[in-house]
Amino acid sequence: MGKNQKTGVGRALVKQHNQQSKENGRLQKKVLESFTEISDIDAIIEQAEHPQHPLFPTPHRPINLDLSSGIGTNGMTPEEMRKQQKREEALHASSLRVPRRPLWSAGMSVEELDDNERQAFLIWRRNLARLEENEKLVLTPFEKNLDIWRQLWRVVERSDLLVMVVDSRDPLFYRCPDLEAYARDVDKHKHTLLLVNKADLLPTSAREKWVEYFCAHNILYIFWSAKAASAAVEGKILWSPLEADDSGRNNSPDMKIYDRDELLARLQSEAEEIVQTRKNSTSFDRGSSNIQTSGENVAGSSSSNNVVVGFVGYPNVGKSSTINALVGKKRTGVTSTPGKTKHFQTLIISDKLTLCDCPGLVFPSFSSSRYEMIACGVLPIDRMTEHREAVQIVADKVPRHVFEEIYKISLPKPKPYEPQSRPPLASELLRAYCASRGYVTASGVPDETRAARQILKDYIDGKLPHYEMPPGMSNVELDSVNLHDSVSSGTEDVDSKVAPDFEHVLDDLNSFDIANGLASNKVTIKMSDASQSQ
């Protein structure tokens, strides 16, 4: 028989095998993949699979996420549009909830339980779709895979203490208050602890303000650095320039950054206190809870001394890195791409402590745009299609002189008729970065996409220092930070390769974007140099 000849039976078997593999792969992809967007065809397929549930509406209107353009659709100024949006957000805040698991019992069949969960999830999706129809609101992308939310339900039900991991540079952005309310609905004795990760990137003065805010709002918190703890496990010591001058204040119990052993002891202590309170409570009734748990958490905690601590939060905030640091070795996958963890994992630390890691979830929110979520690392950088909008978020939060000192570039100065304190435009930052690094495409134009990805990664990793202050407080500390010492050693740095004839390079770029005023950049640089010499 020739090499390319196949029998009919062989072809039939190969075709059947390929078809089964494709179907199995499709089913696994539906269960494992986390997605924050859904197309019309996906909604049609979901409706075909569950025809008994009415299809939720899908908005088709374009949404303007850039409120700083200066042009409102109804003639309103950007400031007026922001105020109106804040009023609408406060009015509909109660509708922005985490999906709850419906009532269930051990006597239910698998099909009945699955149908109830899907129906409750579609009702939740339908309510959020109504909010999306409100032209005065901008509802950010959120997790739309029921199987990912099911992982959260299991972790919340199983845990005695729920730990919400947030980024110290903007804790309120990553905090979900309704998740804390959901945990109390499951068990009124259950507490939520805010684990403020990457605290070594936060100046001590800013940390003091956040301590005041957390205490004023009765928020249980702990400052933590997974990167420093992982280095300590490996026998390394990371030095943070932001804490060099404030070592005395950092020793305060409220201000200190916990190490691995201290954090494990604190988590175990908090969880044991919750279990003891539950045991001593005479009003605790397991059957009166809105959501009946499987009994694993309550029974396991009451029959033994083992307590369970669950970790939840947004993607890419450091949950897996924290778990690996606490376990002492790599037990969960870590990557800069959000959504690495697909299933919740149970890790036994000791006979008295068990950790439960939940996949990262993008909670529905009013407080940000898609571009801000990309800049914060919640949505994947490699999937962005409009890079200038995301880079503009970075340019608005990082001072102009920080870019110039970190990247060794010179940004165009504002025009005389423009506000002199305005942040640099994304186009100005990207073109200056491309010119200094030699990033060009095959056609010879600046490779802004490559530059945008590198700038966004530096922003997320901490090479570009930035942080947010609590509401009502201004950020004035960044000017005094030693920018050169805050550069991460693991970040690619090509500052020493700056082109010697930088002004001529920028001159050649004028033909690509005259509207941005780059033609006068050479004169501006010379004038600034002359003013400094005087």
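Everything in this summary refers to the structure shown in the same document. (Residues numbered from 1 in each chain as written. Predicted model: local features only at pLDDT ≥ 70, side-chain atom pairs only at ≥ 80, totals over all residues. Heavy atoms only, no water.)

**Here we look at the pairing of strand β3 (residues 221-224)**
Taking every second residue as pointing to the same face, both faces of β3 are buried, with Tyr-221 and Phe-223 on one and Ile-222 and Trp-224 on the other. Where strand β2 (residues 191-197) meets β3, three bridges bridge the pair, whose relative direction is parallel. Along β3, the bridge assignment pairs Val-196 with Phe-223. Regarding topology, helix α8 (residues 204-216) serves as the crossover connection from β2 to the parallel β3, and that connection is right-handed. Sheet topology note: the β3/strand β4 (residues 257-258) ladder contains two bridges and is parallel. Residue pairing in the sheet places Phe-223 in a bridge with Ile-257 of β4. (Buried < 20%, exposed > 50% of the residue type's maximum accessible area, 1.4 Å probe, protein only. Helix = DSSP H or I, 4+ residues; strand = E, 2+ residues; numbered from the N terminus. Pairing = 2+ DSSP bridges. Right-handed = clockwise from strand over helix to strand, strands pointing away.)

**A closer look at the pattern of salt bridges**
Two side chains that carry opposite charge are able to pair once their charged atoms sit near each other. Under the criterion given, the structure shown has 25 salt bridges. Between Glu-270 and Arg-266 there is a salt bridge whose closest N-O contact spans 3.0 Å. Within this pair, Glu-270 and its partner Arg-266 are both found in helix α11 (residues 260-280), separated by four residues, close to a single helical turn. Of the residues examined, Glu-270 reaches a relative accessible area of 13% and is grouped as buried. Ionic contacts of the salt-bridge type, sharing partners, join the residues Arg-101, Asp-114, Glu-117, Arg-118, Asp-147, Arg-150, Arg-154 and Glu-157 into one network. (Salt bridge = Lys/Arg side-chain N within 4 Å of Asp/Glu carboxyl O.)

**Here's the deal with unusual backbone geometry**
The phi torsion at Asn-218 lies on the positive side, around 55°, for a residue other than glycine. Tracing the backbone shows Asn-218 in the loop between α8 and β3. Of note in this structure, Lys-408 is not a glycine but carries a positive phi near 55°. With respect to the helices and strands, the residue Lys-408 is situated in the loop between α16 (400-407) and α17 (426-437).

**Some words on the packing of helix α15 (residues 387-397) against helix α18 (residues 448-461)**
Direction vectors running N to C along α15 and α18 enclose 40°, while the axes themselves pass 10 Å from each other. As far as their axial angle goes, α18 and α15 are oblique. In terms of crossing hand, the pair formed by α15 and α18 is left-handed. Together, His-387, Arg-388, Ala-390, Val-391, Val-394 and Lys-397 of α15 and Glu-448, Thr-449, Ala-452, Ile-455, Leu-456 and Tyr-459 of α18 make up the contact between the two elements. (Axes fitted to C-alpha atoms, helices over the stretch in contact; angles between N-to-C directions. Parallel < 35°, antiparallel > 145°, perpendicular 65-115°, else oblique. Left-handed = near helix turned anticlockwise from the far one by under 90°. Contact = heavy atoms within 4.5 Å.)

**Description of α11**
Taking 1.5 Å as the rise per residue, α11 with 21 residues should run 30 Å; its terminal C-alpha atoms sit 30 Å apart, in good agreement. Among the residues of α11, Leu-263, Leu-264, Leu-267, Gln-268, Glu-270, Ala-271, Ile-274, Val-275 and Arg-278 are the ones counted as buried. Buried residues of α11 fall within an arc of 160° about the axis and therefore sit on the same side. Exposed residues on α11 whose side chains face more than 90 degrees from its buried face are Asp-261 and Asn-280. For α11, the N-terminal capping position is held by Asp-259, with its side-chain oxygen 3.4 Å away from the main-chain nitrogen of Asp-261. (Expected span 1.5 Å × (residues − 1). Arc of directions from axis to C-beta. Polar contact = N/O pair within 3.5 Å; in protein donor to acceptor, adjacent residues only side chain to side chain.)

**Topic: the pairing of strand β5 (residues 307-313)**
Taken across its seven residues, β5 has seven buried, putting it largely inside the fold. Going residue by residue along β5, you find Val-307, Val-309, Phe-311 and Gly-313 tucked away on one face and Val-308, Gly-310 and Val-312 tucked away on the opposite face as well. With five bridges connecting them, strand β1 (residues 161-167) and β5 associate as parallel partners. Bridge assignment links Leu-162 to a residue of β5, and that residue is Gly-310. Here five bridges tie β5 to strand β7 (residues 353-357), and the two strands are oriented parallel to one another. Its bridge partner lying in β7, Gly-310 is registered against Cys-356.

**A few points about the packing of aromatic side chains**
Counted by the stated rule, this structure contains 16 aromatic pairs. Joined through ring pairs, the aromatic side chains of Phe-121, Trp-124, Phe-142, Trp-149, Phe-173, Tyr-174, Tyr-314 and Phe-363 make up one cluster. Looking at Lys-144, its charged tip hangs above the ring of Phe-142, at a distance of 3.9 Å from the centre. The ring of Phe-223 is capped by Arg-207, whose NZ or CZ atom sits 5.7 Å from the centre of that ring. (Phe/Tyr/Trp six-rings, centres within 6.5 Å; stacked < 30°, edge-to-face > 60°. Lys NZ or Arg CZ within 6 Å of the ring centre and 35° of its normal.)

**Considering the sheet that holds β4**
The strands that make up a sheet are held in pairs by hydrogen bonds between backbone atoms, and each pair lies either parallel or antiparallel. Reading across the sheet, the seven strands line up as β4-β3-β2-β1-β5-β7-β6 and stay open at both edges, with mixed pairing between neighbours. With one partner strand each, in any of the chains shown, β4 and β6 (345-348) form the two edges of the open sheet. Relative to β2, β1 runs parallel, the two being bridged by seven bridges. Residue Met-164 lies in a different strand from β2, and its bridge partner there is Leu-194. Relative to β1, helix α7 (residues 177-186) is tilted by about 175°, and along the sheet it contacts β1, β2 and β5. Strand contacts of helix α13 (residues 319-327): β1, β2, β3, β5, β6 and β7, with the helix running at about 150° to β5, the strand carrying the most contacts.

**As for the packing of helix α9 (residues 226-233) against α13**
Angle between the axes and distance between the axes: these two values describe a pair of packed helices. Relative to each other, α9 and α13 sit at 30°, their axes nearing to 9 Å. In terms of axis orientation, α9 runs roughly parallel to α13. Here α9 and α13 pass one another in a crossing that is left-handed. Contacts between α9 and α13 involve Ala-226, Ala-229, Ser-230 and Val-233 from the former and Ser-321, Thr-322 and Ala-325 from the latter. Class assignment for the residues of the contact of α9 with α13 results in four nonpolar, three polar and no charged. (Nonpolar A, V, L, I, M, F, W, Y, C, P; charged D, E, K, R; others polar.)

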